[in-house]
Amino acid sequence: MALSVTLSTLSSSPTSSFFKPLSDSSSLSSLQLHFPSHLRRHFRNSAVSLAPLRRRFPPSVEAKKQTFSSFDELVANSDKPVLVDFYATWCGPCQLMVPILENVSATLKDKIQVVKIDTEKYPSLANQYKIEALPTFILFKNGQPSDRFEGALAAEKLIERIEESLAIKS
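Predicted model, so just to flag it, every value in this text is computed and none were measured.

Concerning unusual backbone geometry
Then comes step 1: At the junction of L134 and P135, the peptide bond is cis and its omega measures out at -10 degrees in the coordinates.
Then comes step 2: Within the secondary structure, P135 is located in the loop between α5 (123-128) and β7 (136-141).
Then comes step 3: A positive phi angle, close to 55 degrees, is found at K130, a residue other than glycine.
Then comes step 4: Here K130 is to be found in the loop between α5 and β7.
Then comes step 5: On the basis of relative accessibility, which here comes to 59%, the residue K130 falls in the exposed class.
Then comes step 6: Even without glycine at this site, N142 takes up a positive phi of about 55 degrees.
Then comes step 7: Tracing the backbone shows N142 in the loop between β7 and β8 (144-150).

Dropping the structure here:
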């Protein structure tokens, strides 16, 4: 079974998350720029440039997909421990974890690799690792699960948990 994994990276386009389609069509004519409500008052009846405000918005997340012949190959052949986030697109706490995982990935980039697995696309993996709650995080070291935790966590708590697990399971 070929496995398509999403690895997150940061984009340099801070305003791309403000483009929303007005309908289901994907044509460029159906795109409109939506400002957050707290910024709209700044742009009414003024010719203020967007340039100074762009720095305030976090960069958007772009996914980089990689395909492996198997999940076991991914975790076994990694030169670093692998933190796997088992998630679903409909899961609110899973969506909350996206920017937190970006922060964790950036902070621990020399120590771990973060991988996201959609349980809807790969139910066999969810069954194999007995995923019953979302999000579920499993830390793999040398191809074997070394720690497991469930639920949304703050970035600081997640980093602390990972570092403790790496220190204990060395």
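Quick look at the side chain of T119
Then comes step 1: Checked against the element boundaries, T119 lands in the loop between β6 (113-118) and α5.
Then comes step 2: With residues up to four places along the chain from it excluded, the contact list for T119 reads F86, Y87, A88, A126, I131 and L134.

Considering the pattern of salt bridges
Then comes step 1: Considering all chains together, one arrives at four salt bridges under this definition.
Then comes step 2: The partner of E163 in a salt bridge is K111, with the nearest N and O atoms 3.3 Å apart. Note that E163 is positioned in helix α6 (residues 155-168) and K111 in the loop between α4 (92-107) and β6, a separation of 52 residues in sequence.
Then comes step 3: Assessed through its relative accessible area of 40%, K111 is described here as partly exposed.
Then comes step 4: Note that E150 is salt-bridged to R148, the shortest N-O span being 3.9 Å.
Then comes step 5: Note on E150: relative accessible area 44%, which makes it partly exposed.

Re the packing of α4 against α6
Then comes step 1: α6 packs onto α4 with a crossing angle of 45 degrees between their chain directions and a minimal axis gap of 9 Å. The angle between α4 and α6 places the two elements in the oblique class. Between α4 and α6 lies a crossing whose hand is right-handed. Each of M97, I100, L101, N103, V104 and T107 in α4 lies in contact with α6, whose residues at this interface are A155, L158, I159 and I162.

So, the packing of aromatic side chains
Then comes step 1: The full count for this structure, using the stated rule, is six aromatic pairs.
Then comes step 2: Judged by centre distance (5.4 Å) and plane angle (90 degrees), the rings of Y129 and F140 are edge-to-face. Of this pair, Y129 sits in the loop between α5 and β7 while F140 is found in strand β7, placing the two residues eleven residues apart along the sequence.
Then comes step 3: By relative accessible area, which is 1% here, F140 ends up buried.
Then comes step 4: We note K116 situated over the ring of Y87; from NZ or CZ to the ring centre the distance is 4.3 Å.

Topic: the pairing of strand β5 (residues 82-87)
Then comes step 1: The element β5 is largely enclosed, with a buried count of six among its six residues.
Then comes step 2: Alternating positions in β5 separate into two faces, V82, V84 and F86 on one and L83, D85 and Y87 on the other, with burial throughout.
Then comes step 3: Of the strand pairs in this sheet, β5 and β6 are connected by six bridges, and their pairing is parallel. Within β6, the position partnered with V84 by the bridge is V115.
Then comes step 4: Regarding the hand of the β-α-β motif, the stretch spanning β5, α4 and β6 is right-handed.
Then comes step 5: Inspection of the sheet shows β5 paired to β7 by five bridges, in the antiparallel sense. What sits directly across from F86, in β7, is T136.

Cut-offs and rules
Residues numbered from 1 in each chain as written. Predicted model: local features only at pLDDT ≥ 70, side-chain atom pairs only at ≥ 80, totals over all residues. Heavy atoms only, no water. Helix = DSSP H or I, 4+ residues; strand = E, 2+ residues; numbered from the N terminus. Buried < 20%, exposed > 50% of the residue type's maximum accessible area, 1.4 Å probe, protein only. Contact = heavy atoms within 4.5 Å. Salt bridge = Lys/Arg side-chain N within 4 Å of Asp/Glu carboxyl O. Axes fitted to C-alpha atoms, helices over the stretch in contact; angles between N-to-C directions. Parallel < 35°, antiparallel > 145°, perpendicular 65-115°, else oblique. Left-handed = near helix turned anticlockwise from the far one by under 90°. Phe/Tyr/Trp six-rings, centres within 6.5 Å; stacked < 30°, edge-to-face > 60°. Lys NZ or Arg CZ within 6 Å of the ring centre and 35° of its normal. Pairing = 2+ DSSP bridges. Right-handed = clockwise from strand over helix to strand, strands pointing away.

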